[in-house]
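Architecture at a glance
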Amino acid sequence: MTSISTDTRPLRTADLGTLVIMSWSRETPDGDVPFLLACSLGDGEGGPEASRAAVERLLRHSGLSVGDGVLDATRLPNLPVSLLVVPGAAALTMPGVNAQFVPTPEWRTAVDKRGYACLIFATRPWSDGEPGDGEAVAAFANDEDTLTSAAQVILPARSLRN
């Protein structure tokens, strides 16, 4: 039996809990590739499960699907998700969310060179280690459970000049 979800509950930011954005770049045969990992700490009012559901609603409302491979947003100018990069800071903006962060210098160099970042927005809450721990971030971002339950987007980087 197939059912259609009619979940029209509004997004409550209290359900999201604390959103964290972590930036890093990884060397590939084509040069450095900039990555962003966005996820909740699972500390929303309803705990980790409510945070997961709230992130899923946020992604759907933003036109992003979960677990469907990589979406190339460089070809979708009307997608309501954007990445603004300015000297010393960056912001990921979506309907109802404006998450500002301080990127690593290596990430900024890679974004400047490529003009985009690869966003992994996990529905799975962050549960292990400190968000600033590079090894913990890599393990979480590369975990199959994280990737299959995340929206993955090649997101064009905008500046105040463009």
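As a reminder, the structure under discussion sits directly above these lines.
Our subject in this report is the structure included herewith.

1. Thoughts on the overall build of the protein chain
The helix and strand inventory of the protein chain stands at five helices and eight strands. Listing the helices and strands of the protein chain from first to last along the sequence gives α-β-β-α-β-β-β-β-α-β-α-α-β. The buried share among the 162 residues of the protein chain stands at 41%. For the protein chain, long-range pairs separated by at least 24 residues make up 65% of all intrachain contacts whose partners lie at least 6 apart in sequence.

2. Remarks on the packing of aromatic side chains
In this structure the tally under the stated criterion is three aromatic pairs. A centroid spacing of 5.4 Å and a plane angle of 10° characterise the contact between Trp24 and Phe35, whose relative ring orientation is stacked. Taken together, the residues Trp24 in strand E1 (residues 19-28) and Phe35 in strand E2 (residues 31-40) connect sequence positions eleven residues apart. Consider the rings of Phe101 and Trp107, whose centres lie 5.7 Å apart with planes at 70°: the pair is edge-to-face. Judged by relative accessible area, which is 8%, Phe101 ranks as buried. Of the residues examined, Trp107 reaches a relative accessible area of 0% and is grouped as buried.

3. With respect to the pattern of salt bridges
According to the stated counting rule, one finds four salt bridges in the structure shown. One salt bridge connects Asp112 with Arg108, and the closest N-O pair in it is separated by 2.8 Å. Residue Asp112 and its partner Arg108 are both found in helix H3 (residues 105-114); the two are separated by four residues, about one turn of the helix. For the salt bridge of Arg124 with Asp143, the shortest nitrogen-to-oxygen distance reads 3.1 Å. Placement of Arg124 in the loop between strand E7 (116-122) and helix H4 (134-142) and of Asp143 in the loop between H4 and helix H5 (144-148) is noted, with a sequence separation of 19 residues between them. Using a relative accessible area of 28% as the deciding quantity, one classes Asp143 as partly exposed.

4. Here's the deal with the pairing of strand E4 (residues 82-86)
On any regular strand, side chains alternate: one points to one face of the sheet, the next to the other face. Of the two faces of E4, only the one carrying Leu83 and Val85 is buried; Ser82, Leu84 and Val86 on the other face are not. In terms of strand pairing, E4 meets strand E5 (residues 89-94) through five bridges, oriented antiparallel. If you follow Ser82 over to E5, its bridge partner there is Thr93. Hairpin connection of E4 to E5: two residues between the antiparallel strands, including Gly88 at a positive phi of 80°. Examined bridge by bridge, E4 and strand E8 (residues 150-158) share two bridges and lie parallel to one another. In the sheet register, Leu84 faces E8, and the bridge partner there is Arg158.

Conventions and cut-offs
Residues numbered from 1 in each chain as written. Predicted model: local features only at pLDDT ≥ 70, side-chain atom pairs only at ≥ 80, totals over all residues. Heavy atoms only, no water. Helix = DSSP H or I, 4+ residues; strand = E, 2+ residues; numbered from the N terminus. Buried < 20%, exposed > 50% of the residue type's maximum accessible area, 1.4 Å probe, protein only. Contact = heavy atoms within 4.5 Å. Phe/Tyr/Trp six-rings, centres within 6.5 Å; stacked < 30°, edge-to-face > 60°. Salt bridge = Lys/Arg side-chain N within 4 Å of Asp/Glu carboxyl O. Pairing = 2+ DSSP bridges.

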